[in-house]
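Here are the chains, one letter per residue:
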Amino acid sequence: MAEDNEFVHESVQDTATIQGLLRALQEAVAEQRIVLSAEGREMILTPASMLHLSITGRKKGAGNKLKIEISWEDASVFETEQEKHISIQSSTGE
């Protein structure tokens, strides 16, 4: 059974700090190991080599929002699928 964990952090940061976090995320994705930590909490994510990317920008009145979402399936999901046996034969059994 899959275990659900969630790491959520919200704060107000200056643009230089956001740039640093985005650079750190870029390096972490390249290394396929993202360590999220804040206020004594930590989560380690291991991105796959193929990732789904969603970028949404929104303006509503004076409010602006940029949402970047990266998602993937853990390798263990695919490994489990590969373990299922399948056999294909011709009608003559050859």
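Keep in mind that what you see is a predicted model, and the values were worked out from it rather than measured.

Cut-offs and rules
- Residues numbered from 1 in each chain as written.
- Predicted model: local features only at pLDDT ≥ 70, side-chain atom pairs only at ≥ 80, totals over all residues.
- Heavy atoms only, no water.
- Helix = DSSP H or I, 4+ residues; strand = E, 2+ residues; numbered from the N terminus.
- Buried < 20%, exposed > 50% of the residue type's maximum accessible area, 1.4 Å probe, protein only.
- Areas by Shrake-Rupley, 256 points an atom, 1.4 Å probe, with all protein chains shown as cover.
- 1 Å grid on protein atoms, 1.4 Å probe; cavity = no way out; pocket = protein on both sides within 12 Å on 5 of 7 lines; lining within 4 Å.
- Points joined across faces, edges and corners; volume = space filled by probe spheres on them.
- Nonpolar A, V, L, I, M, F, W, Y, C, P; charged D, E, K, R; others polar.
- Contact = heavy atoms within 4.5 Å.
- Polar contact = N/O pair within 3.5 Å; in protein donor to acceptor, adjacent residues only side chain to side chain.
- Pairing = 2+ DSSP bridges.

### Quick look at the overall build of the protein chain
Here's step 1: Summing up its helical and strand segments, the protein chain has two helices and four strands in all.
Here's step 2: The linear arrangement of helices and strands in the protein chain, starting from the amino end, is α-β-β-β-β-α.
Here's step 3: Expressed as a percentage of the 94 residues in the protein chain, the buried residues total 6%.
Here's step 4: With an accessible surface of roughly 8,800 Å², the protein chain has 51% of that area assigned to carbon and sulfur atoms.

### Quick look at the layout of surface pockets
Here's step 1: Taken as a whole, the largest pocket spans an internal volume of roughly 1,700 Å³.
Here's step 2: Around the largest pocket sit 34 residues that line it, and Phe-7, His-9, Leu-25, Leu-36 and Ile-68 are the ones nearest its centre.
Here's step 3: Among the secondary structure elements, those contributing two or more residues to the lining of the largest pocket are helix H1 (15-30), strand S1 (34-38), strand S2 (41-45) and strand S4 (63-71).
Here's step 4: Tallied by class, the residues present in the lining of the largest pocket amount to 20 nonpolar, seven polar and seven charged.

### Looking at the environment of His-9
Here's step 1: In this fold, His-9 is placed in the segment before H1.
Here's step 2: Once the C-alpha coordinates of His-9 and Ala-38 are considered, the two residues, 29 residues apart in sequence, prove to be 7.3 Å apart.
Here's step 3: Beyond its immediate sequence surroundings of up to four residues, His-9 is in contact with Ala-38, Glu-39 and Arg-41.
Here's step 4: Here Ser-11 takes part through its side chain, which lies 3.1 Å from a polar atom of the side chain of His-9.

### Here we look at the pairing of S1
Here's step 1: Two elements, S1 and S2, share five bridges in a ladder whose sense is antiparallel. If you follow Val-35 over to S2, its bridge partner there is Ile-44.
Here's step 2: Hairpin connection of S1 to S2: two residues between the antiparallel strands, including Glu-39 at a positive phi of 50 degrees.

### Regarding unusual backbone geometry
Here's step 1: Of note, the phi angle at Gln-32 is positive, near 55 degrees, even though the residue is not glycine.
Here's step 2: Topologically, Gln-32 is positioned in the loop between H1 and S1.
Here's step 3: On the basis of relative accessibility, which here comes to 34%, the residue Gln-32 falls in the partly exposed class.
Here's step 4: With a phi close to 50 degrees, Glu-39 is a non-glycine residue in the positive phi region.

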